[in-house]
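Report on the structure
Now for the letters of each chain:
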Amino acid sequence: MKRNQNFDHNHSQKVLSCRYNMDTNRAEARFEDGTTLSIDCIAIEDEYGNTPAQRAELDWLLYNKPLEYAQLVLGGEIEHYLSLGCDHGRLED
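Calculation criteria
Residues numbered from 1 in each chain as written. Predicted model: local features only at pLDDT ≥ 70, side-chain atom pairs only at ≥ 80, totals over all residues. Heavy atoms only, no water. Helix = DSSP H or I, 4+ residues; strand = E, 2+ residues; numbered from the N terminus. Contact = heavy atoms within 4.5 Å. Areas by Shrake-Rupley, 256 points an atom, 1.4 Å probe, with all protein chains shown as cover. Phe/Tyr/Trp six-rings, centres within 6.5 Å; stacked < 30°, edge-to-face > 60°. Buried < 20%, exposed > 50% of the residue type's maximum accessible area, 1.4 Å probe, protein only. Core = buried A, V, L, I, M, F, W, Y, C linked by side-chain atoms within 4.5 Å.

Quick look at the overall build of the protein
What the protein contains, in helices and strands, is 4 helices and 3 strands. Along the protein, from the amino end to the carboxyl end, the secondary structure elements read β-β-β-α-α-α-α. In the protein, 43% of the contacts between residues at least 6 apart in sequence involve partners at least 24 apart. For the protein, the exposed area adds up to about 6200 Å²; of that, 46% sits on carbon and sulfur atoms.

See below:
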C-alpha cells in the first residue's frame, strides 16, 4: 500500500471511531489523542478495487463497518483483506 508520507503508521495511537462522509467521499478516522485523519475513499477504490467484486466489497465495508475499513486501510491490510475473496458486496441473483 502506498502510505501517506505525513502519516506515521508506526505511532501508538488507536483509531477510536470512523464515519463515512458521503458529501466528501472520505472516511474520517478519529484517534485516541483526538486527531482526525481523512481517508480518500476514491483513491483507495482506484488503487485496490481492481474488479467489480472488490469495489463492491470496499463499498460494503465502508457503509457497514467504517471503523474496520479505516483500520484495514491505515494498517496496510486492505489488499490482503480483498485477496480473501469476501463476498459481502456480492449482488444476489
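Let's talk about the packing of aromatic side chains
On inspection of all chains with the given rule, the structure shows 1 aromatic pair. When the ring of Tyr20 is compared with that of Tyr63, the centres are 5.5 Å apart and the planes differ by 65°; the resulting orientation is edge-to-face. Highlighted residues: Tyr20 in strand E1 (residues 15-21) and Tyr63 in helix H2 (residues 52-64), separated in sequence by 43 residues.

Re helix H3 (residues 66-74)
For H3, the complete set of buried residues consists of Pro66, Tyr69, Ala70, Leu72, Val73 and Leu74. Considering only its buried residues, H3 is in contact with E1, strand E2 (26-31), strand E3 (36-40), helix H1 (41-48), H2 and helix H4 (78-83).

Quick notes on the nonpolar core
Among the nonpolar cores identified, the biggest contains 21 residues, and Ala27, Ile39, Ile44, Tyr69 and Ile78 are the most heavily contacted of them. Among the elements of the structure, E1, E2, H1, H2, H3 and H4 are those that each provide at least two residues to this core. By residue number, the principal contributor to this core is H3, which donates 5 residues. Each residue touching Ile44, except ones within four places of it in the same chain, is listed here: Ile39, Gly49, Leu58, Tyr69 and Val73.

Things to note about the environment of Val15
Along the chain, Val15 turns up in strand E1. With a relative accessible area of 10%, Val15 lands in the buried category. It is 5.7 Å that separates the C-alpha atoms of Val15 and Arg30, two residues lying 15 residues apart in sequence. Excluding residues within four positions of it along the chain, Val15 makes contact with Ala29, Arg30, Phe31, Leu67, Gln71 and Leu74.

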